[in-house]
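One-letter residues, chain by chain:
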Amino acid sequence: IFDEKPLDVVFISNGELNASKNLERLQNLCPRTVKHIDGINSRTGAYQAAAKASTTDWFLAVFAKCYVDEDFDWNWQPDRLQGDKHWIFDCYNPVNELTYGHMAVIAYNKNLTLCSEEIPGMDFTLAAKHGHKPMLSCNADYEEGAYSVWRTSFRECLKLRDSVDIDSKYRLKQWTSVGNGEYGEWSIKGAKDAIAFTDDPLLSYEWKWCKNYFNKTYINKAVIV
C-alpha cells in the first residue's frame, strides 16, 4: 500500500523580478504551506536543496517564473507503480503561444534528484527517467527584459534544435517565428542564435557564460534591462 500523502510544494527562486508576485499567487492558490528555496546559484544545488526540504517521495517544484494556473490540482499523485521518475506538467508561453513542459511545474522524485550529478546534461529533468502529464500548471512569466527573454529562448532552442521528433521541430519553428509582447523580438533572436551556435551547448548551463555571450553579441545594440 502506497502512502499518498499530499506532495510537498517547493517554490524555487534566485533573484527573479517576478518571484514575489508569483510566490504570493502560489500561496493563495495552494491548499497547504509552501516551502521556499532561494538564492542558490547552482540549479542542481537548488533542486537538491528543495529535495532535502521535502518530506515526501516526490515534491512539486514551482519556479519563480511560474504564474500558476488557478485550476491546477495540487492533490495530484504520481503513478508509483512506474517507479522513480520525474513528472512534467504543461506550461503556456504567451510569448510564442506554445503549450508544453518548458517552464512548467515539475513533480521531482526526491531520490532521483538527490542522486543527480552537478551537470547531468543540457536538461536536469530530462537527463533522468521522466514522464509527461498533460495538465496545465502555469503560464510562463519571464518577460523581465531583453536578456531574460533571450536567454530563455536561447537555452531552450539549443535543446530543441538537436531533437528529431516532429513536436520538437514544430516548437523550434514557433520559437523562431512568433514573438509576442515587449521583448518578443528577443525571443526570436535567442532562438535563431541557438540554431547558429557552433560551440559546446553545455556552456549555456551557466548563467554567467550566458550573460557574457549576450553582452558580447548585443551590448552595442541594446540596453540590457
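Residues numbered from 1 in each chain as written. Predicted model: local features only at pLDDT ≥ 70, side-chain atom pairs only at ≥ 80, totals over all residues. Heavy atoms only, no water.

**Topic: the nonpolar core**
The tendency in soluble globular proteins is for nonpolar side chains to be buried side by side.
So, point 1. Membership of the largest hydrophobic core comes to 64 residues, with the highest contact counts inside it found for I12, L26, L60, V62 and W74.
So, point 2. A per-element tally of this core places helix α4 (residues 146–160) first, with 8 residues.
So, point 3. With sequence-adjacent residues up to four places away left out, W74 is seen in contact with V9, L26, L29, C30, P31, R32, L60, V62 and V68. (Core = buried A, V, L, I, M, F, W, Y, C linked by side-chain atoms within 4.5 Å. Buried < 20%, exposed > 50% of the residue type's maximum accessible area, 1.4 Å probe, protein only. Helix = DSSP H or I, 4+ residues; strand = E, 2+ residues; numbered from the N terminus. Contact = heavy atoms within 4.5 Å.)

**Quick look at the packing of helix α5 (residues 166–177) against helix α6 (residues 184–196)**
So, point 1. The N-to-C vectors of α5 and α6 enclose an angle of 125 degrees; their axes lie 6 Å apart at closest approach. It follows from the interaxial angle that α5 and α6 lie oblique. Each of L172, W175, T176 and S177 in α5 lies in contact with α6, whose residues at this interface are S187, I188, A191, K192 and I195.
So, point 2. A class-by-class count of the residues in the contact of α5 with α6 yields 5 nonpolar, 3 polar and 1 charged. (Axes fitted to C-alpha atoms, helices over the stretch in contact; angles between N-to-C directions. Parallel < 35°, antiparallel > 145°, perpendicular 65-115°, else oblique. Nonpolar A, V, L, I, M, F, W, Y, C, P; charged D, E, K, R; others polar.)

**Notes on helix α1 (residues 19–29)**
So, point 1. For α1, the complete set of buried residues consists of A19, N22, L23 and L26. Each buried residue of α1 lies within a common arc of 100 degrees when the element is viewed along its axis, so the set occupies one face. Of the residues in α1, the exposed ones pointing more than 90 degrees away from the buried face are S20 and N28.
So, point 2. The elements touched by buried residues of α1 are β1 (8–13), β2 (34–38), β3 (58–63) and β4 (66–68). (Arc of directions from axis to C-beta.)

**Things to note about the pairing of β3**
So, point 1. Along β3, 6 of the 6 residues are buried, which leaves the element largely enclosed by surrounding structure.
So, point 2. Alternating residues of β3 divide into W58, L60 and V62 and F59, A61 and F63, and every residue in both groups is buried.

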